[in-house]
Amino acid sequence: MSGGRRAAVGIGAVAVVVAAAVAFLLWPRGTTEISEKDAVEDFREKKSTDTTATEGKGTGTPAPGVYTYSAEGQERVKLGPLPAQDRPLPSTVTAVVTDTGPGCFQWTVNLFAEHTEDTTWCTNPSLRMEEHAKHQTIGAISPTATMTCDPNQLPTAGGTPTELPCTLKLSGGPMSVTATFTGTATAKAGEAVDVGGTKVETTPIEIRYPVSGDINGTWVETTWWSRDHLPIRVTRALELAGTASFTENTTLQLTSLEPTS
């Protein structure tokens, strides 16, 4: 074999090894359920390190602690050249509520370890979303999608859609993504929802986002809010495609009004 041919074979072998290593690093893995014990440890850690939190329950906010939801649905995620991954939800998920100051709280939903969401809500003078962040792990990549809205006030009654223009930015992935959500929020008629045998009066608020930019599609989400602004039920139908693709159909139903702490 000539020297040039040996060199070509050697380069080819190196390329195969590099490609295999890259595929191993980027190839999507499975999912890991976050147990109530794990969520309680997370809550206690946040509580001990958050210097802005106040003691006890804030005005018009849910009691701090870990809430449990029954869950149905699945998601499909794809980033750039990575293969798509279908990820079903476990039968039970947790949500951690931490007090972040008078009239405000953070709601962290643990769909599974590879997909958690942090949303900061404030309730004075009425419900508004300060920031929403999705943390996802796909293979060895952990992108974060952050969404902010201006104005960010949600309606509490009336049935008339309120404009909710938002911007989503994805960072930490193989590419940067920016999308515009020119959506509306609508408060529906009040509804009593059963939680562990107790009827809870709720106000369903539906948010509809047509999405454009680096990704396109739709996002429809309804949350049934208690009077203390605890999410009692959440349904989401999301389908986004482009440089990053996300599909999600989920339903969460609170199983107990008493949090664990």
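The structure reproduced in this document is the subject of the present report. Being a predicted model, the structure only gives us computed values, none of them experimental. (Residues numbered from 1 in each chain as written. Predicted model: local features only at pLDDT ≥ 70, side-chain atom pairs only at ≥ 80, totals over all residues. Heavy atoms only, no water.)

Overview of the overall build of the chain
Put simply, the rule is: Secondary structure follows DSSP: runs of H or I at least 4 residues long count as helices, runs of E at least 2 residues long count as strands, and numbering of each begins at the N terminus. Any residue under 20% of the maximum accessible area for its type is buried, any over 50% is exposed, and the rest in between are partly exposed; the area is computed with a 1.4 Å probe on protein chains only. Here a residue-residue contact requires only that any non-hydrogen atoms of the pair lie within 4.5 Å. For accessible areas, the Shrake-Rupley method is used with a probe of radius 1.4 Å. Any residue's cover is judged against the shown protein chains and nothing else.
Each helix and strand counted, the chain has two helices and 14 strands in total. By the burial criterion, 42% of the 261 residues in the chain qualify as buried. Partitioning the intrachain contacts of the chain with sequence separation of at least 6 by distance along the chain shows that 52% fall at a separation of at least 24. By element, 55% of the accessible surface of the chain is carried by carbon and sulfur atoms, the whole surface being about 12,600 Å².

Some words on the nonpolar core
For clarity, the cut-off: Buried Ala, Val, Leu, Ile, Met, Phe, Trp, Tyr and Cys residues that are joined via side-chain atoms within 4.5 Å together make up what is termed a nonpolar core.
In this structure, Tyr-69, Trp-107, Phe-181, Tyr-209 and Leu-252 are the most contacted members of the largest nonpolar core, which totals 53 residues. Here Phe-181 is in contact with Met-147, Leu-164, Pro-165, Cys-166, Leu-168, Tyr-209, Pro-210, Val-211 and Trp-219, once residues within four sequence places are set aside. Counting residues in hydrophobic clusters, the runner-up holds five residues, among them Ala-39, Phe-43, Val-66 and Val-96.

Comments concerning the pairing of strand β9 (residues 177-187)
So the rule is basically this: Here, any two strands with at least 2 DSSP bridges between them count as paired.
Across nine bridges, the pairing between strand β8 (residues 162-171) and β9 is antiparallel. Across the sheet, the residue bridging to Leu-170 is Val-177, located in β9. Pairing of β9 with strand β11 (residues 198-213), which is carried by seven bridges, proceeds in the antiparallel orientation. Bridge pairing in β11 places Ala-187 opposite Ile-205.

Remarks on the state of the cysteines
We apply this condition: A pair of cysteine sulfur atoms is labelled a disulfide when the two atoms are within 2.5 Å.
On inspection of all chains with the given rule, the structure shows two disulfides. Residue pairing for Cys-104: its cysteine sulfur links by disulfide to Cys-122, the two sulfurs lying 2.0 Å apart. On the S-S bond that ties Cys-104 to Cys-122, the torsion sits near 110°, and the link is right-handed. Here Cys-104, found in strand β4 (residues 104-112), pairs with Cys-122, found in strand β5 (residues 115-122); they are 18 residues apart in sequence, far enough to count as distant. Sequence-ordered numbering of the bonded cysteines in the chain yields a pairing of 1-2, 3-4.

Things to note about the pairing of strand β1 (residues 65-79)
On a regular strand, one side chain projects to one face of the sheet and the next to the other, so that they alternate. Judged from the six bridges that link them, β1 and strand β3 (residues 92-101) form a sheet pairing that is antiparallel. Among the inter-strand pairings, Ser-70 is bridged to a residue of β3, identified as Thr-92. Strand direction decides the pairing type here: β1 and strand β14 (residues 244-254), joined by 11 bridges, are antiparallel. Within β14, the position partnered with Glu-75 by the bridge is Glu-248.

With respect to the packing of aromatic side chains
Filter applied, for reference: Pairing of aromatic side chains here covers Phe, Tyr and the six-membered ring of Trp, requires ring centres within 6.5 Å, and sorts the geometry by plane angle: under 30 degrees stacked, over 60 edge-to-face, intermediate tilted.
Within the structure shown, the criterion is met by five aromatic pairs. Between the aromatic rings of Tyr-69 and Trp-107, the centroid separation amounts to 6.2 Å while the plane-to-plane angle is 70°, which identifies the pairing as edge-to-face. Here Trp-107 lies in strand β4 and Tyr-69 lies in strand β1, a separation of 38 residues in the sequence. On the basis of relative accessible area, Trp-107 is assigned to the buried category, the value being 8%. Relative to Trp-219, the ring of Tyr-209 lies with its centre 5.6 Å away and its plane at 70°, an arrangement referred to as edge-to-face. With Tyr-209 in strand β11 and Trp-219 in strand β12 (residues 215-225), this residue pair connects regions lying 10 residues apart in the sequence.

With respect to the environment of Asp-228
Structurally, Asp-228 can be placed in the loop between β12 and β13 (231-242). Separated by 105 residues in sequence, Asp-228 and Thr-123 have C-alpha atoms that sit 9.1 Å apart.

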